[in-house]
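# Remarks on the overall topology
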Amino acid sequence: MSTPDPTTTRPKNLPRDDVPPPEAPPPDSASSPEALRMSPPVSPHSHTKERRRRRRRRNPVSRLLRLLPWQLFLVLAILAVIVPTAAVAVFATDSYARVQESFTSLQRVVETLDGRAFTDFSLEDLERLQFSVHNFEGSLERARQQTGLLRRLSGLVPSSRSLFGLLDAAQPLVRASRNMLEGAQPALTFLIRGQQEGTVTARISSGERLIELLQAGQSRFATANLDLEEARLAIEGIDLTGISGERLSQYQQLVGYYEQIRSMNQIIQSMPDLVTSAFALEVPKNYLILSQNNDELRPSGGYISTYGWLRLRRFRITDYDYNETSPISPNPPPSAMLNELDVPSWWFKSRVPIMAAWSGSWYADYPNTAKMAAWYYDNGLNPRSPVDGVIAIDVTGFQYLLEGLGAVEMPDYGVTITPANFRETIYRIRAEGADKHKVFVTEIYRRILAKWQTISQESSIPLLNAALKGLQTKHIMIYFTDPKLNEVMDLLGWSGKQTFGEGDYLLLSDANLGNKSNSSVLRALTYSVSISPEGDLTSRAILDYSYPSEVADKDPAVAPEHYGDQKDYYSLIQLYTPAGTVLQSTENLQSEAAIDAHEQYTVLATGILVRFDTNERFEFNYTVPRKVSAFGSYQRYRLLIQKQPGTQGDQVNVQVNLPAGSRVISTSIPPTDSFVLDNPILEFQLTLTADREIEIIYQQ
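Read on for a plain summary of the structure. What you are looking at is a predicted structure, and each value in this text was computed from that prediction instead of being measured. Every chain is numbered independently, its residues counted from 1 as its sequence is written. Owing to the predicted nature of the model, reporting of local features is limited to residues with pLDDT of at least 70; listing and counting of side-chain atom pairs is limited to 80 or more, with chain, interface and lining totals taken over all residues. Remark: hydrogens and water are excluded; side-chain values derive from all non-hydrogen atoms of the structure.

### Observations regarding the sheet that holds strand β12 (residues 582-587)
Our working rule: Here a strand pair is declared whenever DSSP counts at least two bridges between the two strands. Strands here mean DSSP runs of E at least two residues long; helices mean DSSP runs of H or I at least four residues long; both are numbered from the N terminus. The axes used here are C-alpha line fits, helices contributing only the stretch in contact, and every angle between their N-to-C directions lies in the interval 0 to 180 degrees.
Overall, mixed pairing links the 7 strands, which are arranged β12-β15-β10-β9-β18-β21-β20 in an open sheet. Single-partner strands in this sheet number two, and they are β12 and β20 (673-676). Pairs of neighbouring strands in the sheet enclose a mean axial angle of 15 degrees, with direction left out of account. Strand direction decides the pairing type here: β20 and strand β21 (residues 680-688), joined by 4 bridges, are antiparallel. Paired with F675 across the two strands is I681, which belongs to β21.

What follows is the structure, encoded as C-alpha cells:
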C-alpha cells in the first residue's frame, strides 16, 4: 500500500500550501495594542461576506448599468409611456378593423335578405345569416382577448375608451341575435320547408305545430333578453364626451341595432300568444272589417262605404257577411250616446251626428278610429258584437289582395274582377245609379272571402306577400281590443298608430268632403326648419295641391256621373305638429286655421278648395320650443314624418338650416344636397310610402 505524497494530497478544508498566507499586519498597526483597542472584533463569517461582495462586483449587468449615463433612464421612462399608448391605439384599432370587416359581411347578408319578402327565404339564406352572426361573434371575442391587457392602459388614450365600450356593447348584442336565431330556427325551418314543399297552408291551418315550435324557443328568447339588458347597460356606460364623429356614428348604429333586435325579440316572444288569440285557437274571435274608400280620403284611411264582419275559429273563417253603409246600416247606437263623443269643434257636421263615429273619424291615428267604430258597432247590438278586433282595408289594399288571389268571377254581373279592372268596374256600376255599386262591392268582398277559404297551396304565398305589402304601407291596418296584442301590432308597424316622440313631428291629413278624386289630386309637402343655437325651431310647412286634368281624365272615379256638380276638390286638412307649436302666420289660406293643442301634439286645421285642373299652395309658419337635445358633446335634431293612411306616396322635401358655424357629424339618411351659406343647410327628398325619420347630429 502506497503512502500518499504529502505534497500532493491534503485534507479537505485545509488551506493550500501554494497559496501565500495573508500578510501579517505591520507591527505598528493592527498588531499594536492601540490598533487592537480601536478595531472591531472580527466575525467568524467575515470571509464569506467578503466573497459575496466580490461576486456582486463581478456581475457584468451591474457594471454596464453603472457605466450608462443617467439620461438613458429618462428615455426609458418616456418610452414606458409612449409605447403602451401607441399599443393601445394600434392594437385596439386593428382589432376593431377586424370586427368591422366581419360586421360588414353580416350587413351584406342582412341587406340582401332585407329586399325580400319572408316567404322568399330559403334554408340556405337562414344558414348564411347564422354563419355571419357566428363569424361576427367570433371576431368580437378575439378582439376582446387581443385588447384585454391594453384596456388597463386605456386611461393613457382617452379616445380608446369609447372604442372598448362599443366592443363591450356589441358582444352581448350579437349574443342576443344568435340566441334569438337559434330559438326561432325550428319555427323558421318549419315555415320555409312547408312553403318549399307546398304544404304550408295545410300545416298552418292546424296551427298547433307552429305554436309548439315557437314555444320551444322561449328559453333562448329569454336568454336573449338577458343579453340585451347587458348590452343596454354597456351602451349607457359609454362616455360620449369628446367622442369623435366617426365613433359617434358607430355608436348610433349600435343603438339602432339594439332597438331593432329588442323589438324583434319582443315580437317573437309574443308570437305564440298572438297566434293563439288572433287566430282563435282556443275560443272563436269576431272581427269587424272596415272597407275604406281611399278615393275619398279621411284622416285614418277613407270613407267607410261598406263594412263586414267575420267569425274566426282555428285559422278558418266559419261565418261572415258584408253590407253597405247607411244611416241604419250597421245599426247605430242610441242618439243619446252622442254625448260620449268628444267631437272637435272644427270637424265637419254630419247629417246624422252619431255617424261621426263611423264614417271615417277625425283621428289620423287608426287605433282611435277603430276603437270608436267598435264602440258604434257594439252599442248598436249588431251581429257578432262585441267584436275582438277591427281590420281596415282600403281600395288599394283590396287590389293587393287580388294580386295574391288572382281573378274573382262575378257571374251575376258577367265580369271577372282582376287587380287591373277592380276600380274601373266599381265606378262603372256606380254610374248606373243609386247604390248599386255598394251592392256590387259587397258581393265582390264576399266572393274574395269565400275564395280565401278555398285558396290553393300554390297561391297562399303570393297572398301572404300581398297582405304584408298592404300592412307595411298602411293600406291594411289591424286593431285588437286586447292591449297586449296591440303592442305587438305597434312593434310590427301594422297598427296605423301616430307616434309622438321628443323631437320634431309632421303629418298632413286630408278629409275629402266632396267627391272621389283623391287618386287624381297630387299632394306635395315642403318643410323648412331653422334651428336656433338654443334648440328652438322656426318652421315653414308649404302644402302643394295639384289637380291636373291629364291625370283626372284617365281616372274612372272622376267623371260627371260620380261627382255631380262637385268636380272641384274640397277638403278639411289637419297639419299635425309638435306640442307647444305657436302659429305665427299663414299664406293663401281660404279660411282661418283652427289651433287644437294637445299634450303630445298640436293640430292646425282649415278647409281648402282646389278647383279642377289648377294648383294651390298653402303655407303655415310657426315656432316650436326646444326640440333639439344634447348628444354627448354634440346636438341631435330628429324629425318624424308620418304617412296618412290610404295615401299613395306624397313627395316630401325637407330643408334643415343648422345654427351658424355648426359642423355636421352624421345623418340617418344621406341628404340629397348640402351647402353652406351663412349657415350649413341640408336638403332631403322623400317619397312617403311609409313613415320616415331624419336624424342629424351636429356640433355647434
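### A word on unusual backbone geometry
Cut-off, in case you're wondering: Per-residue accessibility, obtained with a 1.4 Å probe over protein chains only, is compared with the maximum for each type, and a residue is labelled buried under 20%, exposed over 50%, and partly exposed between these values.
Here the bond from S329 into P330 is cis, since omega is 0 degrees, no more than 30 degrees from zero. The amide bond that connects S385 to the next residue, P386, takes the cis arrangement and shows omega of 0 degrees. Mapped onto the fold, P386 is located in the loop between α11 (366-379) and β4 (389-394). For L381, which is not glycine, the phi torsion reads 55 degrees and is therefore positive. Residue class for L381 comes out exposed when judged on its relative accessible area of 70%. With phi around 45 degrees, R626 is a residue other than glycine that occupies positive phi space. Locating R626 in the fold gives a position in the loop between β15 (615-624) and β16 (628-631).

### So, the pairing of strand β17 (residues 634-641)
Burial within β17 is extensive, with 6 of its 8 residues counted as buried. The pairing of strand β8 (residues 504-512) with β17 spans 3 bridges and is parallel. Within the sheet, the bridge partner assigned to D504 lies in β17 and is L639. Two elements, β16 and β17, share 4 bridges in a ladder whose sense is antiparallel. Looking at β17, one finds that A630 is bridged to Q635. Taken together, β16 and the strand that follows it, β17, pair antiparallel across an intervening segment of 2 residues, in which G632 is found at a positive phi of about 65 degrees. Where β17 meets strand β22 (residues 692-699), 7 bridges bridge the pair, whose relative direction is antiparallel. Looking across to β22, one finds that Y637 is bridged to I696.

### A look at the packing of aromatic side chains
Filter applied, for reference: Side-chain rings of Phe, Tyr and Trp, where Trp is taken by its six-membered ring, are said to pair if the distance between their centres is within 6.5 Å; with planes under 30 degrees apart they count as stacked, over 60 as edge-to-face, and otherwise as tilted. Here, a charge over a ring is recorded when the distance from Lys NZ or Arg CZ to the ring centre is within 6 Å and its angle to the ring normal is within 35 degrees.
In the structure shown here, the tally under the stated rule is 18 aromatic pairs. With 3.8 Å between their ring centres and 15 degrees between their planes, F398 and Y445 make a pair best called stacked. Within this pair, whereas F398 is found in helix α12 (residues 395-405), its partner Y445 is found in helix α14 (residues 436-453), the two being separated by 47 residues in sequence. As far as the burial class goes, F398 and Y445 line up, both buried. Here the aromatic rings of Y576 and Y601 are separated by 5.4 Å at their centres, their planes lie at 50 degrees, and the arrangement is tilted. Of this pair, Y576 sits in strand β11 (residues 569-578) while Y601 is found in strand β14 (residues 601-610), placing the two residues 25 residues apart along the sequence. Here the two residues Y576 and Y601 agree in accessibility, since each one is buried. Between K567 and the ring centre of F612, over which it is positioned, the NZ or CZ distance is 3.7 Å.

### So, the packing of α12 against α14
In plain terms, the rule: Working definition: roughly parallel below 35 degrees, roughly antiparallel above 145 degrees, roughly perpendicular at 65 to 115 degrees, and oblique for all remaining angles. Left-handed describes a crossing whose near helix is turned anticlockwise from the far helix by less than a right angle; the clockwise case is right-handed. What makes two residues a contact is simply this: any of their non-hydrogen atoms within 4.5 Å.
At a minimum axis distance of 11 Å, the contact between α12 and α14 shows a crossing angle of 40 degrees. Here α12 lies oblique to α14, going by the angle between them. Relative to α14, α12 is oriented so that their crossing is left-handed. Taken together, the residues of α14 that come into contact with α12 (itself represented by F398, L401, L402 and L405) are Y445, I448, K451 and W452.

### Considerations on the sheet that holds strand β3 (residues 316-324)
An order of β3-β2-β1-β4-β7 is seen for the 5 strands of this open sheet, with the pairing classed as mixed. With one partner strand each, in any of the chains shown, β3 and β7 (476-480) form the two edges of the open sheet. Between one strand axis and the next, the sheet turns by 20 degrees as a mean value, whatever way the strands run. Along the sheet, helix α10 (residues 245-278) contacts β1 (285-293), β2 (303-313) and β7; its crossing angle with β1, the most-contacted strand, is approximately 85 degrees.

### Some remarks on the pattern of salt bridges
When charged atoms on two side chains of opposite charge get close, those side chains can pair. Our working rule: Salt bridge, as applied in this entry: a Lys or Arg side-chain nitrogen positioned within 4 Å of an Asp or Glu carboxyl oxygen.
For the coordinates displayed, the defined rule picks out 26 salt bridges. Here R262 ties to E259 by a salt bridge, and the two come within 2.8 Å at their closest N and O atoms. Of this pair, R262 and E259 are both found in helix α10, 3 residues apart, which corresponds to roughly one turn of the helix. A salt bridge links E296 to R298; the nearest nitrogen and oxygen atoms lie 3.2 Å apart. Per residue, the accessibility class of E296 equals that of R298, and both read buried.

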